[in-house]
Amino acid sequence: MILTLLWTDIMVWILLFTIVVWSWVVSGSPQVKKQWHTIFKSSIAMASATVLLFYLLFTLLDSVHFRLATPSTDTKSQQVQYGEMTSLLDLLFSHNIKNTERTYSAPFATHEYAKSIVVDANGVTKQAYLPLKHVSNNNDLLQKSMFAIFMGIVMGGSLIFLHMVWRKKRGFKSELPWRTAYLTLLFLTVIFTWFYMLSYHYHVLGTDKVGGDVLYHSLKSIRTGVLIGVLTTLIMLPVAIILGVSAGLFGGWVDDVIQYLYTTLSSIPGVLLIAAGVLSMQVMMDNNPTWFETTLERSDLRLLFLILILGITSWTGLCRLLRAETLKISQIEFVTAAKAFGVGKFTIIRRHIIPNLMHIILISIVLDFSGLVLAEAVLSYVGVGVDPTMHSWGNMINQARLEMAREPMVWWSLFSAFVFMFILVLAANLLSDRIQIVLDPRNKS
Amino acid sequence: MNSILNVENLSLTIGKDEILKNISFEIKQGEIFALVGESGSGKSLTSLAIMRLLPDVISVSCGDIKLKKKSLFALPEYEMQKVRGKSIAMIFQEPMSALNPVMTVGAQVAEVLKIHLGLRNDAVKMKVVSLFKEVALKDPEERYNWYPHQLSGGQKQRVMIAIALACEPDLLIADEPTTALDVTIQAQILELLKKIREDRKLSILFITHDMAVVSQMADRVAVMKEGEILEQAVCKEFFSNPQHPYTQSLLRDAMEKKEDSKIKEEGEKLLEVEDLKVHFPIKKGFFQRTAGYVKAVDGVTLSIPRGKTLALVGESGSGKSTIGQAILSLVHMTQGSIKFENKNLATLSERALKPYRRKIQIVFQDPYSALNPRMTIGNIIREGMVSLGVGSKERAAQDEHIKELLLKVDLEAEHARRYPHEFSGGQRQRIGIARALAVEPELIICDEPTSALDVSVRSQVLKLLRKLQEESGVSYLFITHDLSIVPTIADEVAVMKEGKIVEQGSVEEVMENPQEEYTKTLLAAAPKLPNKNKEAYT
Amino acid sequence: MFGYIIKRLLYAIPILIGVNLITFILFFMVNSPEDMARAQLGAKQVTPQMIQAWKEQRGYEKPLFINDKATGISKATDTLFVQESLKLFSFNFGISDSNRDIGSDIKERMGPSLAIALPTFLIALITNISLALLLVLFRGSALDTSMMIVAVMIMSISGLFYIIAGQVLFSKMWHWVPISGYESGWGAVKFTVLPVMIGVFAGIGAGVRWYRSIFLEQINQDYVRTARAKGLSELKVLFGHVLRNGMLPILTGVVVVIPTLFMGSLIMESFFGIPGLGSYTIDAINSQDFAIVKAMVFLGSVLYIIGLILTDISYTLFDPRVKL
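None of these values were measured; they are calculated from a predicted model.

Draft legend 1. Inspection of the overall build of chain B at higher detail. Of regular secondary structure, chain B possesses 20 helices and 20 strands. A compact globule built from 538 residues should have a C-alpha radius of gyration of about 24 Å, and chain B, at 26 Å, falls within 12% of that. Projecting the C-alpha coordinates of chain B onto the three principal axes gives extents of approximately 70 × 55 × 45 Å. Taking all 538 residues of chain B together, 44% fall into the buried category.

The following block contains the structure:
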């Protein structure tokens, strides 16, 4: 087995590492710790955070790629053959990948959705529903469900138990609404375990046009959505912060240039800018096929470029906000005091300005996250989103939409994509609301 | 005399905490009743309770308020709306933000006439103009169409008074109406209120923290502290024979006199400012041509000897703060010289200036914006030391020094680990002083350091500043608009008006024997306490 | 005021030049005029002469930025970039890669775009502000809290869902309106009702929250306390004082959008088959028609800048403190 990491995988792990380091640094400041504590005192924030962590888990599972050795057919050769790139998530769902059907089927169905022409035993041609290849025909859905739910409760319960032990060691002192977190965790674990165990016997959310399992597609799309939401912000932040603070603090020609930059950039309609960027990128990739070996790598590179383009085109909003706020802060007396101490401009930025901008930055990050996840769907529709071979909710919606006219309607693929997207975006929005209420200095009364 | 307002056993609570405890007082017709106290004493809450404008979180746990014998708490909301603005009117502290910025002042007065008296069009306009005349607003017909931002602070407050008087109220509540105004304007507004009281037999509930104003205005006085009324008395009695120890300490603090300090020898001149001019260009037009100048500082000459304090007194806009900024090289000087220890600071580059930054430091007016809310007190104090290379480079030694400084300003060593929001205004001001001291300066510019503080806290801070001067021989340039504290802290005083110094000299000379018209006006306008003798209050 | 407008328009020129520059660079990174010619003319039977003729028709035969063949100042000016930019500034959009007159296409398609964008804008504005005022009147109540939760949920659902669900429900299942298409004149109504309603509904969540926060900020100001002390009822306070002051921050967000209404919503027009400027742009992107894309980008930028100027002007009209 060899470990092969895609570009975006590397970025995910760097991001995770950065978050861990940042949390550790931040926990050194009792003031910031208290703020986060207050944020999570709300049950809604707690539940949202749990949901987001769950999605993050899937992203991480899907961000470790490797190639397994396939049994060599050529006994003479010494070389080991490697199969396709798979991820941990793929391993979990390998049964789904293998068991593709021919075409559409409804959730939990045993037969295909549309009738096909069948020649039966007597040579008579008629239309009938073909049974699905990989769905068991025993009518024991209820039994299996009960068992699966039981397993889910056990798994969730053990995680909760472990956490409670850890809390007990520290003396149960925090007043955070852990119960809400436990309930949410339990709920999610049960649902997921139920889905998972039944997926061995049924196509839980149905199959799409080419027979692929919809549940598998939806789960794989999590990574795409989360990555676009988070990594774009990673790229956009440094640009917005550096330019915004410089414009606000240094003034003069620096301010004029930066204002010119963001006015020009924001006057170009966003979709056009992204489209132009994506097209250029496509041409570049067409001209350089040596950069990637597999389809997966190719579509991953495209994802990476999309993230870069989105990052470069979306810094203007935050930059404007930071510029205005920096202007305000630089007039406040504690900055004057620092100047009277002869403190250098860069130290002033680091010590006085940026810490007082954190609330804007944080709110921006979480708010933009949901916006980007929603935008991905739209971009895929326009044709400048992720590669059509990549799993994403946008692609699912797009493909399903083309089949909307079919009677009776195929609704599960569409519905599944929307629901997964909705839960993620809702959780992010609710959390950002809570963060905003706690961090906004105007709310302190 | 009939009783206009009766507050009976009023108690307010937020949740479980009682914020007003059993308040009772009475206001008769034509009487000015002063409610005095420091911030947080509950005086504004009382006034809001009378108007029934309390925020939802505050509830009345017991008591009643009667206007002309009728209970106000028994009225439904729509009835109370008929009382507000008509029978009881209120004016607030900040005239700048109390008026709607997008409505003409005439329209804002007219509004009250329309809803309570049903007047229309011409009748309304006539009444508004006559009200403006009553509050001595010049050119009343023209002013009708002006917007608040076009008026000065004093004029805005007159408009507020006009709004309050429009429907002939029985009671006027004035919540610190002159605190935000300059001394001369304050005197005018107080005169106006007295005149209105005479003409209309109006009762006034006058809320303030300034004892001197009380002695000039009030018929009766009540002192509040932490939600309770501690003492009520007729004004004369109150000042000549205060009963409660808190009242006595308040009066003592208000009437600070400088203890006879040892005669200081004529020190060498530490700071010499000669013909300083700071002009800000006004840019207009398409090409940003300089159309004129705002002459913030227009030819100022002063000097501060080592170990002594020069008070710089002036009203807002006189340029006093700008001088401080110019001395610190925080603002560009148009002309003149600033000599520190005989070296002209104006000619130095930023790098050459750095060693001098250590010698001149500043303490600010607003304790809430002077400290970075995201830094610990220790780091705030440390910043200057590190930047200017004062003291050890070792962190541990620095921590020691910080502890010493905190103790010096009467705070505790362990405060170094805390954050600004955990401290009161007075404590924050002391932290600001500690921060300035950390680099061992020879001159500290105090830019209105006590203006935002309560009277008792103010006297503590002034005492601290005096003590530090005695111990370390540091000089102060003490900038203020409040003449009453000048004798307590300064050796010499300079009076500023519109960028120029009109009179300067020793404190005794200028305050007791002023030569210039403006100085005399300032001194006359400042409200005074009746008894100059401090001993009466011990 | 007039001088101010002139000043702003002059400032707009370097911005438009910058916009053009970016579009040019991005586009010609992707395609050379050669490739574009080939794509349009069909790869099989094309001769070098045909390519040349096609390029000359559109001025593409000139080099991009520097013309070595010319002399003196023409080196810089006789280039694709300068010539095309000059044409754009005079609003001469030329012909598209597929031989259609862009200018007349734009004129024709403006109507349908407006037919959807304008009603959506107006109805959304009125609905959002009214709901926000209502919530502010009842702030802190159960109505307020529940409406806020509903708003977050509406906001979190993808716009595509509303479009698709709307089409399925109202067109496919209940047959109230046609799924897509367009007709000029009064017939347009039945084609625009659904997109407008969906547009308004999809934006209610975010819109009400934004207006509500603006009005709430005003409610906590000192002048509102003065108004109450005058004896004004809560309703009068809201409409007489809060609304007028709230208009100022609202204007900054709203007026700037108005000129861009002409550009239409790319998504709405695509889904509903409306022949407006939005779908025009999308089709151009998909077929990589540079001439159209460059025209639309330029137009879009001009409209945005006009929007910015209009915002400043409206501020002077509504805020007596602001003078130009």
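Draft legend 2. View of the overall build of chain A. In terms of regular secondary structure, chain A is built from 17 helices and five strands. A total of 445 residues make up chain A; the buried ones form 41% of that total. For chain A, the proportion of contacts with a sequence separation of at least 24, taken over those separated by at least 6, is 73%.

Draft legend 3. Here's a closer look at the sheet that holds strand β1 (residues 3-14) of chain B. Residue and element names in this part refer to chain B. If you walk across this open sheet you meet the four strands as β2-β1-β4-β5, and the pairing is antiparallel. The open sheet terminates on both sides in strands that have one partner only, identified here as β2 (17-28) and β5 (70-71). Relative to strand β4 (residues 58-67), β1 runs antiparallel, the two being bridged by eight bridges. Residue E8 lies in a different strand from β4, and its bridge partner there is D64.

Draft legend 4. Broad picture of the interface of chain C and chain B. Taken together, the contacts link 19 residues of chain C with 24 residues of chain B. When residues in the side of chain C that touches chain B are grouped by element, the largest group, six residues, is from helix α10 (residues 222-229) of chain C. Residue composition of the side of chain C that touches chain B, by class: four nonpolar, seven polar and eight charged.

Draft legend 5. Region of interest: the interface of chain C and chain A. Counting from both sides, the interface comprises 33 residues of chain C and, opposite them, 34 residues of chain A. For the side of chain C that touches chain A, the elements supplying multiple residues, two or more each, are α1 (2-30), α7 (142-156), α8 (159-173), α12 (266-272), α13 (277-286) and α14 (290-318) of chain C. Grouping the constituent residues of the side of chain C that touches chain A by class yields 25 nonpolar, eight polar and no charged.

Draft legend 6. Up close: the packing of helix α8 (residues 214-250) of chain A against helix α15 (residues 358-382) of chain A. Residues and elements named next belong to chain A. At a minimum axis separation of 8 Å, α8 and α15 run at an interaxial angle of 135 degrees. Classified by the angle their axes make, α8 and α15 are oblique. Once α8 is placed against α15, the crossing between them reads as right-handed. Every residue of α15 that contacts α8 at G225, I228, G229, V230, T232 and T233 is listed here: I365, D368, F369, L372, V373 and E376. Taken together, the residues of the contact of α8 with α15 sort by class into six nonpolar, four polar and two charged.

Draft legend 7. Spotlight on the sheet that holds strand β6 (residues 88-91) of chain B. All names here are of chain B. Reading across the sheet, the six strands line up as β6-β7-β8-β3-β9-β10 and stay open at both edges, with mixed pairing between neighbours. Looking at the sheet topology across the chains shown, the edges are occupied by β6 and β10 (228-234). Taken over all neighbouring pairs, the strand axes of this sheet differ in orientation by 15 degrees on average, direction set aside. Pairing between strand β9 (residues 220-225) and β10: six bridges, direction antiparallel. When the sheet's bridge partners are listed, M224 is paired in β10 with I229. Packing of helix α1 (residues 43-51) onto the sheet brings it into contact with β3 (32-37), β6, β7 (171-175), β8 (203-208) and β9, and relative to β7 it is tilted by some 145 degrees. Contacting β9 and β10, helix α11 (residues 245-254) crosses the sheet at an angle of about 100 degrees to β9.

Draft legend 8. Summary view of the environment of B:Y78. Residues and elements named next belong to chain B. You can see Y78 is positioned in helix α2 (residues 77-83). Residue class for Y78 comes out exposed when judged on the 8 C-beta atoms lying within 10 Å of it. Placed 282 residues apart in sequence, Y78 and I360 show a C-alpha to C-alpha distance of 60 Å.

Draft legend 9. Representation of α1(B) in the model. Residue and element names in this part refer to chain B. Here α1 lies mainly inside the structure; seven of its nine residues are buried. All of the buried residues in α1 are K43, L45, T46, S47, A49, I50 and M51. Taken from the residues just after α1, R52 is the one with a positive phi, measuring 55 degrees.

Draft legend 10. Quick peek at the packing of helix α14 (residues 377-388) of chain B against helix α15 (residues 395-408) of chain B. All names here are of chain B. α15 packs onto α14 with a crossing angle of 110 degrees between their chain directions and a minimal axis gap of 10 Å. Compared by their axis directions, α14 and α15 come out roughly perpendicular. For α14 against α15, the interelement crossing comes out right-handed. Here G378, I381, R382 and M385 of α14 lie close against α15, whose contacting residues are Q398, D399, I402 and L405. Split by residue class, the contact of α14 with α15 holds four nonpolar, two polar and two charged.

Draft legend 11. Structural context of helix α14 (residues 345-353) of chain A. All names here are of chain A. The set of residues buried in α14 consists of I349, H352 and I353. One face of α14 carries all of its buried residues, which in axial projection span an arc of 110 degrees. Exposed residues pointing more than 90 degrees away from the buried face of α14 are listed as F346 and R350. The secondary structure elements touched by the buried residues of α14 are α8, α12 (316-329) and α13 (333-340).

Draft legend 12. Structural context of the environment of A:S42. Residue and element names in this part refer to chain A. Tracing the backbone shows S42 in the loop between α2 (30-39) and α3 (43-61). What makes S42 partly exposed here is the crowd of 19 C-beta atoms within 10 Å. With 226 residues separating them along the chain, S42 and I268 place their C-alpha atoms 40 Å apart.

Draft legend 13. Seen up close, the environment of C:G181. Residue and element names in this part refer to chain C. Looking at the element boundaries, G181 is found in the loop between α8 and α9 (188-219). Residues G181 and I126, 55 residues apart in the sequence, show an inter-C-alpha distance of 27 Å. Among all residues touching G181, those that are not within four sequence positions of it are F191 and G273.

Draft legend 14. Summary view of unusual backbone geometry. Residues and elements named next belong to chain B. Phi is positive for N121, which is not a glycine, with a value near 35 degrees. The residue N121 is located in helix α5 (residues 121-134) in this model. Positive phi is not limited to glycine here, since S329 has a value of about 60 degrees. Relative to the helices and strands, S329 is located in the loop between α12 (320-327) and β14 (335-340).

Draft legend 15. How the structure looks around the pairing of strand β13 (residues 309-313) of chain B. Residues and elements named next belong to chain B. With five of five residues buried, β13 is to be regarded as a mostly interior element. Burial of the side chains of β13 extends over both faces: T309, A311 and V313 are buried on one face and L310 and L312 on the other. Pairing geometry for β13 and strand β18 (residues 475-480), over five bridges, is parallel. Of the residues in β18, the one forming a bridge with L312 is I479.

The rules behind the values
- Residues numbered from 1 in each chain as written.
- Chains lettered and ligands numbered in written order.
- Predicted model: local features only at pLDDT ≥ 70, side-chain atom pairs only at ≥ 80, totals over all residues.
- Helix = DSSP H or I, 4+ residues; strand = E, 2+ residues; numbered from the N terminus.
- Rg over C-alpha atoms; globule rule 2.2 N^0.38 Å.
- Buried ≥ 20, exposed ≤ 12 C-beta atoms within 10 Å, placed from the backbone.
- Contact = placed C-beta atoms within 7 Å.
- Pairing = 2+ DSSP bridges.
- Nonpolar A, V, L, I, M, F, W, Y, C, P; charged D, E, K, R; others polar.
- Axes fitted to C-alpha atoms, helices over the stretch in contact; angles between N-to-C directions.
- Parallel < 35°, antiparallel > 145°, perpendicular 65-115°, else oblique.
- Left-handed = near helix turned anticlockwise from the far one by under 90°.
- Arc of directions from axis to C-beta.

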